[in-house]
Amino acid sequence: MPFIPHTDEDVRAMLEAIGAESIETLFDEVPGALRCGGLEAVPPGMSEMEVGRLMQARAREDGQPLCFIGAGAYDHHIPAAVWQLAARGEFYTAYTPYQAEASQGTLQLLYEYQSMMTALTAMDVSNASLYDGASALAEAVLMAVRANRKSKSRRVLVPRTVHPAYRRAVQAIVGYQGIELLDLPYDPAGGHTDPAALDDHADEDIAALVIPQPNFFGVLEEVDVLTDWAAAHGALSIAVVNPVALALLEPPGEWGANGADICCGEGQPLGAPLTSGGPYFGFLCCRQSFVRQMPGRIVGRTVDLDGKPGFTLTLQAREQHIRRSKATSNICTNQGLMVTAATIHMALLGAEGLARVAAASHANTARLVERLTGIEGVEPSFDRPAFHERVLRLPAPVKDVLRSLAAHNVLGGFDLHDDYPELGDALLVCATEMRTGADIDIYYEKLERIIRMRSESRCPVEPKI
Amino acid sequence: MPFIPHTDEDVRAMLEAIGAESIETLFDEVPGALRCGGLEAVPPGMSEMEVGRLMQARAREDGQPLCFIGAGAYDHHIPAAVWQLAARGEFYTAYTPYQAEASQGTLQLLYEYQSMMTALTAMDVSNASLYDGASALAEAVLMAVRANRKSKSRRVLVPRTVHPAYRRAVQAIVGYQGIELLDLPYDPAGGHTDPAALDDHADEDIAALVIPQPNFFGVLEEVDVLTDWAAAHGALSIAVVNPVALALLEPPGEWGANGADICCGEGQPLGAPLTSGGPYFGFLCCRQSFVRQMPGRIVGRTVDLDGKPGFTLTLQAREQHIRRSKATSNICTNQGLMVTAATIHMALLGAEGLARVAAASHANTARLVERLTGIEGVEPSFDRPAFHERVLRLPAPVKDVLRSLAAHNVLGGFDLHDDYPELGDALLVCATEMRTGADIDIYYEKLERIIRMRSESRCPVEPKI
Amino acid sequence: MLIFEHSRPGRRATAQAPLQREETPAIPDAMRRKRPPRLPEVSEMQAVRHYTRLSQQNFSIDTHFYPLGSCTMKYNPRGSNALAMLPGFLARHPLAPESHSQGVMACLYDLQEILKEVTGMQAVSLTPAAGAQGEFAGVAMIRAYHDSRGDTARSEILVPDAAHGTNPASAVMCGYKVREIPTDADGDVDLDALEEALGPQTAGIMLTNPSTLGVFERRIAEIAQRVHAAGGLLYYDGANLNAILGKVRPGDMGFDVIHMNLHKTFSTPHGGGGPGAGPVGVSERLEPFLPVPLVAYDGDEYHWVTEKARPQSIGRLSAFGGNVGVLLRAYVYARMLGREGMSRVADYSTLNANYLLKRLTDAGFEAAYPNRRATHEFIITLRREAKELGVNTMDFAKRLLDYGMHAPTTYFPLLVPECLLIEPTETEDPETLDAFVEAMVRIREEAERTPDKVKTAPHSLPVRRLDDVRAARELDLAWQPSAAEG
Amino acid sequence: MLIFEHSRPGRRATAQAPLQREETPAIPDAMRRKRPPRLPEVSEMQAVRHYTRLSQQNFSIDTHFYPLGSCTMKYNPRGSNALAMLPGFLARHPLAPESHSQGVMACLYDLQEILKEVTGMQAVSLTPAAGAQGEFAGVAMIRAYHDSRGDTARSEILVPDAAHGTNPASAVMCGYKVREIPTDADGDVDLDALEEALGPQTAGIMLTNPSTLGVFERRIAEIAQRVHAAGGLLYYDGANLNAILGKVRPGDMGFDVIHMNLHKTFSTPHGGGGPGAGPVGVSERLEPFLPVPLVAYDGDEYHWVTEKARPQSIGRLSAFGGNVGVLLRAYVYARMLGREGMSRVADYSTLNANYLLKRLTDAGFEAAYPNRRATHEFIITLRREAKELGVNTMDFAKRLLDYGMHAPTTYFPLLVPECLLIEPTETEDPETLDAFVEAMVRIREEAERTPDKVKTAPHSLPVRRLDDVRAARELDLAWQPSAAEG
Ligand SMILES: Cc1ncc(COP(=O)(O)O)c(C=O)c1O
Ligand SMILES: Cc1ncc(COP(=O)(O)O)c(C=O)c1O
């Protein structure tokens, strides 16, 4: 019996101690009519070796394509130490540190994490993680609406330059609480939120303004102006940032005159592998004054009976297990292990290492764009400065081009057509520090050929894979 | 500076404390004429990411062929837990447990290992590892010559059924000490050492007789007869065994009337990955009375100042760091981490698990042989019972056949031609529990086609890879 | 010592970032940060040593008995970890095309099918990231269902008073009011109170069965029938599925929607607080509302099912498809258990719980529901010890740590005073259970003879008892460099 | 508790072996074992928990300062581990054809080239499994060389009295007699004694430089010249290569043959006692004798060089090619360091050693060679403390463990009384070195005030001081079931 230690003799002795005839007897309170059959649709058990064979075959099946997709998940180098440490049993198989004295490892690490995130964002406090970037933004929106004493409204301004999947998730999560999300348009030339677009809302009661940096197009927003607008109009500002970009960019805590109020984002670039989209983690920071409105776990430093410093979960009165229907959120299990990895990742990279990763990703994307725009008909869609993603306009339907590229094992980027039809044949590309010059050359050659053959109106061979 | 923590300020302060002007000053005792240049042939440093890219490409380059080679290294399932535990920093980065109190983890584990090996072999004592199976046999031979009080000779009988690489390594290692290794022939029908062959040596003074089980051909030897012969002729018996086979086979400690005197072998099948031949580990067990002649580390259980049980290296007076030129061996660093893995491996498998692995490997090889001998001209070379390897005679030069198979990503076995030319076109094959029926079918199909096309005298296409 | 305290300006783990810093002239100065963030500056070895040593300060499944009730802290197979971390799985971008995703999609599809079978539900979505997100999704589907029928007056979700805090919190996030239903003396839902609460305003009820009181709700069929009769739907909180896996299925009990905690029943690791995975399963009428993405199979290839094919979906709960790495671990576990392994989970977790309950009550501890079978967990109350000896449940819990055992869940559910909710799980051996009983007995003896020893426990851990009040009052939530360090 | 004590008949980690036991009718009964071996019978979790907890009882580089002289206990990059464990490398059978081995052979070839360059030797064989096997191979090549010239009367190897025990032991394994050469007061070889020892019987000399006394042999050129003049060859024990990497090369010093300890200088892990790798490098005249296999490159493909191409080879030292997994780790390390990183190793290991020596002597400890620079390691002698306070080196060593530091090497080399051989390595930060000095000073204070505390140390480890004498006298080398258990 895999994972069950009981011997026949154990079972006999235990049943005798209980005074039950059989294990079956222990289920005598379950109405017989409800008992289920043999779960025929579940395949029979396998040994680890057999499952291993299956999983290896499946993992191989998807190949190792050359990836130029970003769009919210980024292929950065993760030091080997990160997961060799995070997978240590003591981190991997512990739970939420309810018994603080027996969980100082996790708790101190979380305190260090909070300290690193506040350093990176220049915010006062951080929680210990949320599910992912999108749900973190949803929680930030809920938190802003709760925390904003100046506004009675439940209206939140969300630029269209915010990741479309984030906007959808926020809508799904906050929609039932009567919160209204209002689109803010972007400047078609710059790809950034035109501060002038805010004029339309100057006289409205707005609870919060979301400010992405960089935005979904990779473009850098005018964060100072936007932050100041929010402050001036009684709205809280919610920064949504890429944590790696913050190694180079002005941190939300220093945006505008007084900084952003809340800051959230996707933690994946800090040591989480791509893994098909998760597990990642959402981070959330805010001003000290809003700490009691925060969702999620928070760790504090305190002292023990001897006055020795130690760490514990704190401000639990915000949470569902104490506050139940009045909690700041329903979150319970969060993404602890990912935060463990992120903390080790940040310790290994440091500010300089993170800045080099950011700079290399920026430079690589610039190289990629330069190379690809050398192809007839390929042009950058926007003219404003960007971080490590760029939108390119192609002379052919993006969907077709991506399919052709994929047939050559190149994942060419994210097709913007469904979310931004107004941009035409627009493709979002990204080259992190992991892509080499040779990789970029391969992309160039494939794309050049595909576009050339299309324009010569002969379809390139597209093997079905 | 990778792996060096010093800041400029650290260096300044340290040099000041030392009273040296520069680090260079610290090398002032090295004659200037001897100082070397810039090591131009060493490539410039790389980041972990860059080396990772290189190593991944190289690891991929060698493909994932279907492997039917055994010949001393066996592809068994290794539970995932084994290396996740063995790679824990506390095991991975400790050294020989010279400070016993700070090394109880390693020491207790080694004691458990010794206990498991004595259980498996039915011998009295075990050391804590040697380099590999071949060098363990060399040490066993040296030990036997030292330990044998009844014999003055330095002659050791070594059946030709012992792994040829072992015989070569033993010769290389013991040759300088005047030890003479005498071949014992094998029975051409059975593939085992014919006990009658010993008659030639009945009147000689022989220090030891080596007895492989199973032998290099996979064939089971008449170990009881051989062991008793040695005992009757004043020679010590040295068993060379496959530890997985021992889950099914009579253990050396019970061979013949009184058991073998010394037992050694290759530990790789107990949790070491194939890894191109190493690191593996050699094991060595013996009768209690020979323990002071053993080479290598030995761990003993003792008590601490409070009478609490604990573990420590013992009988160190045998070893080079105490006994120097009179030591039982020059070995110092052994294969500790492999033993760590093997111990965890054996704990996870247990006697029943190991027996299942052995039985499945035996049965798979039987299936393979049955399948392949269905091909015209393919026949088993020997008629005696075997463990999980078999010799097949092919109707074509083995070298050519193996090359053709490899071109189809099948590694068909080990070519016996160089070591046993008298066997003709003989191939040693092995199918552990890791090979499936489908794998065996693939081998069959490829081999059948290669042989058929050869006999139709058309060479199959052999893509160069 | 904090990692920040190992930091020195200019120290670095050089191998871990590009060897040079590239120029970034395209980024305007005004948008750059003025000072680098104050992250630690340490060498690679310092980081490795620091976090290795920190890890050793944790209790965990891999090191300690961890009978934390309602959390199902069972062995997390190392094989699940290894196989979910295969390079091909780790490297897949969430937006990779289906052509390059068939392997991982096959695993997800299979897992959907397995979860459908073991829960008796019609369809499953794997996307929720944890139990609470599954609850949110489930209640949102209830709401979407009522809304889709124009049945918009239903404003209340019923929740038993013993329910986990996430239940009411999730209901509120879906815009519902929460109404608590009391529990009767034997731990079952108070049927009269339920009857009274039901009405046209009832959107549904959230139940855990077995409940968080560690007993099986025997009248579940009747409850289902009454709630349905009132037009409400039944939500099943699957946190306790471990108790009934392969024995009885939420779908067969009459539930319309459920979430499962794969980090409990399917043994994915708890990771010091996550990540988990909280897939939701639904009956036929809720299927259109499932959160996306789902995986479909056309007999030849796997496809993503998105909003396009499911216009009534409650939508997406995260940017991508959920905690795929966790789902893969659960999948490996499910395949290793197989059909026959499922009910063994329930068998042996139930055996362990009943054995431990019996041994504890034999030793004089008080069961909260003495007339009931334990399920996979059970409650004892230390109210007598608290009253007579002045040593409360928290003291027992802390002292257990000194005996090398993680404490059971304390003071939950809230309605049983001085309670310990104890869940040994099926992966523990009886010797360990016996050792737990012995520790409890010895602690009670200590409480009689040297109560201070218990009240000031733990004594053998990296820290002694921590001052929680101070933690909340004098908030210290992030390291600040001392003035000297600037 | 031993793993055997967790065992119960019939308990198993079922997922780890084939689910059924196959029949094996072909194996005759007489050849079968009668009783199954008494291996532990435990569940998967029991094994994981047991070995996780055992591991925590070790000091290691990843947890503690470990200044074990002559052992070069420096940080073992985790990247080396990860990249050597890539599935493609792990799965390669040692007898796989060259067509399926080009990737790994490329790494081995590159490593040969790097080691040639850093040692200044003509050719390198990677096959020896550890330093001692490298020594054996090296001395065997010396012997093969003399033999090949018919120069068979050479019967002696000279070894300084400070040498590591493996040196004389290896020489003896090659059939040589060993003659010890004394050391002068400054730690150099006594040249007069050397001159006297040299003669037609001299096969060669084995030297470590810097020596195990932690000083650089300044007259190495002269020694080389004299030994060569006498017809002997020079063997370099590369255990201390860390001190001179990129600064001075054994080949340039005049050595004919060397071994390197990759588990020291090239930072592969020590693994609780191994595995290591002890490649040998030779000058031109010894090249024909190198142990096989070697890797050659023809500009297009890599090939194995075996006995066939090298008929004069001393042969094979193991069944296959040596510890390839260790070699891959060393290769990754070498590539990360690169050209410029090599001499940094010597720079910073020397800086750390000299700093620590200075701070310790400033604090009143006695250097064994006060007139000499420390190399990457150095010796202090506690003879004064032993005499005046009755607290000896072993007591200091054990007490250091309580301070959370592994002890330096004790009582080696044998010729310095009450010595500690201290090797901090380049990967330690100065704060750690300062903490070591502070611990030593405090231990000395304790030795003055409460000597018993030091003499009975350690006090804070899983066990207190162990009885070594009893261990050797009442041998208990394997667990036996008690009579009751049968
Ligand atoms: C009964 C019950 N319901 C719901 C949850 C919430 O699950 P999660 O922590 O995965 O969000 C838990 C887990 O803690 C639980 O025990
Ligand atoms: C000076 C010296 N020579 C030789 C050796 C032997 O090396 P190994 O332990 O790898 O066999 C050592 C290592 O312990 C050593 O320190």
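Here is what the cut-offs are and how they apply
Residues numbered from 1 in each chain as written. Chains lettered and ligands numbered in written order. Predicted model: local features only at pLDDT ≥ 70, side-chain atom pairs only at ≥ 80, totals over all residues. Heavy atoms only, no water. Helix = DSSP H or I, 4+ residues; strand = E, 2+ residues; numbered from the N terminus. Contact = heavy atoms within 4.5 Å. Areas by Shrake-Rupley, 256 points an atom, 1.4 Å probe, with all protein chains shown as cover. Lys, Arg positive; Asp, Glu negative; His and termini not counted. Charge placed at Lys NZ, Arg CZ, Asp CG, Glu CD. Near = heavy atom within 4 Å. Polar contact = N/O pair within 3.5 Å; in protein donor to acceptor, adjacent residues only side chain to side chain. Expected span 1.5 Å × (residues − 1). Buried < 20%, exposed > 50% of the residue type's maximum accessible area, 1.4 Å probe, protein only. Pairing = 2+ DSSP bridges. Axes fitted to C-alpha atoms, helices over the stretch in contact; angles between N-to-C directions. Domains from an automatic or database assignment. Buried area = accessible area lost by both parts, 1.4 Å probe. Salt bridge = Lys/Arg side-chain N within 4 Å of Asp/Glu carboxyl O. Phe/Tyr/Trp six-rings, centres within 6.5 Å; stacked < 30°, edge-to-face > 60°. Nonpolar A, V, L, I, M, F, W, Y, C, P; charged D, E, K, R; others polar. Parallel < 35°, antiparallel > 145°, perpendicular 65-115°, else oblique. Left-handed = near helix turned anticlockwise from the far one by under 90°.

## Quick look at the overall build of chain A
Thought 1: On a plain count of helices and strands, chain A comes out with 12 helices and 15 strands.
Thought 2: Of the contacts formed within chain A by residues at least 6 apart in sequence, a portion of 73% connects residues at least 24 apart.
Thought 3: Element-wise, carbon and sulfur atoms account for 49% of the exposed surface of chain A, whose accessible area totals about 14000 Å².
Thought 4: If the 39 positive side-chain charges of chain A are averaged to one point and the 59 negative ones to another, these points end up 1 Å apart.

## What about the site of ligand 1?
Thought 1: Lining the immediate environment of ligand 1, one finds 16 residues, of which Thr333 of chain A together with Ser70, Gly131, Asp237 and Lys264 of chain C sit closest.
Thought 2: More than a single chain frames ligand 1: its nearby residues are located in chains A and C.
Thought 3: Here Ala132 of chain C contributes a backbone N or O atom positioned 2.7 Å from an oxygen atom of ligand 1.
Thought 4: Within the side chain of His263 of chain C, a nitrogen or oxygen atom sits 2.7 Å from an oxygen atom of ligand 1.
Thought 5: Burial of ligand 1 by the protein chains amounts to 99% of its free accessible area of 380 Å².
Thought 6: In terms of residue count, helix α5 (residues 131–148) of chain C provides more of the shell around ligand 1 than any other element does, three residues in total.

## Points about helix α13 (residues 430–449) of chain D
Thought 1: Taking 1.5 Å per residue as the helical rise, α13 of chain D with its 20 residues ought to reach 28 Å, and the 29 Å between its terminal C-alpha atoms agrees with that figure.
Thought 2: Among the residues making up α13 of chain D, those that are buried are Pro430, Thr432, Leu433, Phe436, Val437, Ala439, Met440, Ile443, Arg444, Glu446 and Ala447 of chain D.

## Considerations on the environment of Thr314 of chain A
Thought 1: In this fold, Thr314 of chain A is placed in the loop between β10 (309–313) and α9 (320–323).
Thought 2: The class of Thr314 of chain A is buried, set by a relative accessible area of 2%.
Thought 3: Between the C-alpha atom of Thr314 of chain A and that of Ile298 of chain A, which follows or precedes it by 16 residues, the distance is 5.8 Å.
Thought 4: Beyond its immediate chain neighbours, meaning those up to four positions away, Thr314 of chain A contacts Ile298, Val299 and Gly300 of chain A together with Ala471, Ala472, Leu475 and Leu477 of chain C.

## Side note on the sheet that holds strand β2 (residues 156–160) of chain C
Residue and element names in this part refer to chain C.
Thought 1: A sheet is described by the order of its strands in space; here seven strands give the open sequence β1-β7-β6-β5-β4-β2-β3, paired in mixed fashion. This sheet does not close on itself; its edge strands, each paired only once, are β1 (123–125) and β3 (177–181). Sheet twist, expressed as the average angle between the axes of neighbouring strands with direction ignored, equals 25°.
Thought 2: Of the strands in this sheet, β4 (202–207) and β5 (233–238) touch helix α8 (residues 220–229), which is tilted by about 140° from β5.

## So, the site of ligand 2
Thought 1: By nearness alone, 16 residues border ligand 2, and Thr333 of chain B together with Ser70, Ala132, Asp237 and Lys264 of chain D come closest of all.
Thought 2: Chains contributing residues near ligand 2 are chains B and D.
Thought 3: Contact between ligand 2 and His263 of chain D: an oxygen atom at 2.7 Å from a side-chain N or O atom of the residue.
Thought 4: Relative to its unbound accessible area of 390 Å², ligand 2 is 99% covered by the protein chains.
Thought 5: Considering each element in turn, the shell around ligand 2 owes the most residues, three residues, to helix α5 (residues 131–148) of chain D.

## Observations regarding the domain arrangement of chain A
Residue and element names in this part refer to chain A.
Thought 1: When its domains are assigned, chain A resolves into domain 1 (66–75 + 350–458) and domain 2 (80–346).
Thought 2: Each of domain 1 and domain 2 has a C-alpha centre, and these two points are 29 Å apart.
Thought 3: On the side of domain 2, 34 residues touch domain 1, which itself brings 30 residues to the contact.
Thought 4: The contact between domain 1 and domain 2 buries some 2400 Å² in all, and 62% of this surface belongs to carbon and sulfur atoms.

## Considering the domain arrangement of chain C
Thought 1: Split into domains, chain C comes out as domain 1 (3–18 + 26–56), domain 2 (78–337) and domain 3 (344–472).
Thought 2: Once you take the C-alpha centre of each, domain 1 of chain C and domain 3 of chain C turn out to be 42 Å apart.

## Remarks on the pattern of salt bridges
Thought 1: Within the structure shown, the criterion is met by 129 salt bridges over all chains.
Thought 2: Among the ionic pairs, Glu352 of chain A bridges to Arg21 of chain C, the shortest N-O distance being 2.7 Å. Within this pair, whereas Glu352 of chain A is found in helix α10 (residues 336–372), its partner Arg21 of chain C is found in the segment before α1 (44–55), the two belonging to separate chains.
Thought 3: The class of Glu352 of chain A is partly exposed, set by a relative accessible area of 26%.
Thought 4: A salt bridge links Glu24 of chain B to Arg35 of chain B; the shortest N-O distance between them is 2.6 Å. Highlighted residues: Glu24 of chain B in the loop between α1 (8–18) and α2 (48–61) and Arg35 of chain B in the loop between α1 and α2, separated in sequence by 11 residues.
Thought 5: The partly exposed category is assigned to Glu24 of chain B, whose relative accessible area is 38%.
Thought 6: The partly exposed category is assigned to Arg35 of chain B, whose relative accessible area is 29%.
Thought 7: A single salt-bridge network, built from bridges that share partners, covers Asp10 of chain A, Glu431 of chain C together with Arg8 and Arg11 of chain D.

## A closer look at the packing of aromatic side chains
All names here are of chain A.
Thought 1: For the coordinates displayed, the defined rule picks out 50 aromatic pairs over all chains.
Thought 2: On the basis of an interplanar angle of 25° and a centroid distance of 6.2 Å, the ring pair of Phe216 and Tyr420 is categorised as stacked. Of this pair, Phe216 sits in the loop between β5 (208–213) and α8 (223–232) while Tyr420 sits in the loop between β14 (414–415) and β15 (426–430); the two residues are 204 residues apart in sequence, bridging distant segments of the chain.
Thought 3: Residue Phe216 is classed as buried on the basis of its relative accessible area of 5%.

## Considering the sheet that holds strand β4 (residues 202–207) of chain D
Residues and elements named next belong to chain D.
Thought 1: Strand order across the open sheet formed by seven strands is β1-β7-β6-β5-β4-β2-β3, with mixed pairing between neighbours. The strands lining the two open edges of the sheet, one partner per strand, are β1 (123–125) and β3 (177–181). Here the average twist between neighbouring strands, direction ignored, is 25°.
Thought 2: When strand β6 (residues 257–260) meets strand β7 (residues 280–282), the two strands line up antiparallel, connected through three bridges. Bridging across to β7, His259 finds its partner in Val280.
Thought 3: Helix-sheet contacts for helix α8 (residues 220–229) involve β4 and β5 (233–238), and the interaxial angle to β5 is about 140°.

## Details of the interface of chain B and chain D
Thought 1: Across the boundary between the two partners, chain B contributes 186 residues, which contact 197 residues of chain D.
Thought 2: Buried area between chain B and chain D, both sides added, is near 16600 Å², and the carbon and sulfur share of it is 63%.
Thought 3: Inspection of the chain B/chain D interface yields 14 salt bridges.
Thought 4: For Asp418 of chain B, the salt bridge identified is with Lys308 of chain D, shortest N-O distance 3.0 Å.
Thought 5: Looking at the side of chain B that touches chain D residue by residue, the class counts come to 101 nonpolar, 50 polar and 35 charged.

## Considerations on the packing of α1 of chain B against helix α10 (residues 324–362) of chain D
Thought 1: Viewed as axis vectors pointing N to C, α1 of chain B and α10 of chain D meet at an angle of 50°, and their least axial separation amounts to 9 Å. Relative to α10 of chain D, the element α1 of chain B lies oblique. Like other packed secondary-structure pairs, α1 of chain B and α10 of chain D cross with a definite hand, here left-handed. Residues Val11, Met14, Leu15, Ala17 and Ile18 of chain B of α1 of chain B form the contact with α10 of chain D, whose participating residues are Tyr348, Leu351, Asn352, Asn354, Tyr355 and Lys358 of chain D.
Thought 2: Among the residues making up the contact of α1 of chain B with α10 of chain D, the classes are represented as eight nonpolar, two polar and one charged.

## A short note on unusual backbone geometry
Thought 1: A cis amide bond links Asn209 of chain C with the next residue in sequence, Pro210 of chain C, at an omega value of 0°.
Thought 2: The omega torsion across Ala457 of chain D and Pro458 of chain D is 0°, close enough to zero to call that bond cis.
Thought 3: For Pro458 of chain D, the location among the structural elements is in the loop between α14 (451–455) and α15 (468–473).
Thought 4: Despite not being glycine, Ser276 of chain A has its phi angle at roughly 60°, a positive value.
Thought 5: For Ser276 of chain A, the location among the structural elements is in the loop between β7 (262–266) and β8 (282–286).
Thought 6: Since its relative accessible area comes to 7%, Ser276 of chain A is described here as buried.
Thought 7: One non-glycine residue, Glu418 of chain D, adopts positive backbone phi at about 45°.
Thought 8: Here Glu418 of chain D lies in the loop between β12 (409–410) and β13 (419–422).

## Some words on the interface of chain A and chain D
Thought 1: Listed by partner, the interface residues are 17 residues for chain A and 18 residues for chain D.
Thought 2: Buried surface at the junction of chain A and chain D, summed over both partners, amounts to about 1300 Å²; 55% is from carbon and sulfur atoms.
Thought 3: Linking Arg11 of chain D and Asp10 of chain A is a salt bridge whose minimum nitrogen-to-oxygen distance equals 3.1 Å.
Thought 4: In this assembly, chain A and chain D are joined by eight residue pairs in polar contact (both at pLDDT 80 or more).
Thought 5: Listed by contribution, the elements that provide at least two residues to the side of chain A that touches chain D are α2 (48–61) and α3 (80–86) of chain A.
Thought 6: Here the residues of the side of chain A that touches chain D sort into nine nonpolar, four polar and four charged.

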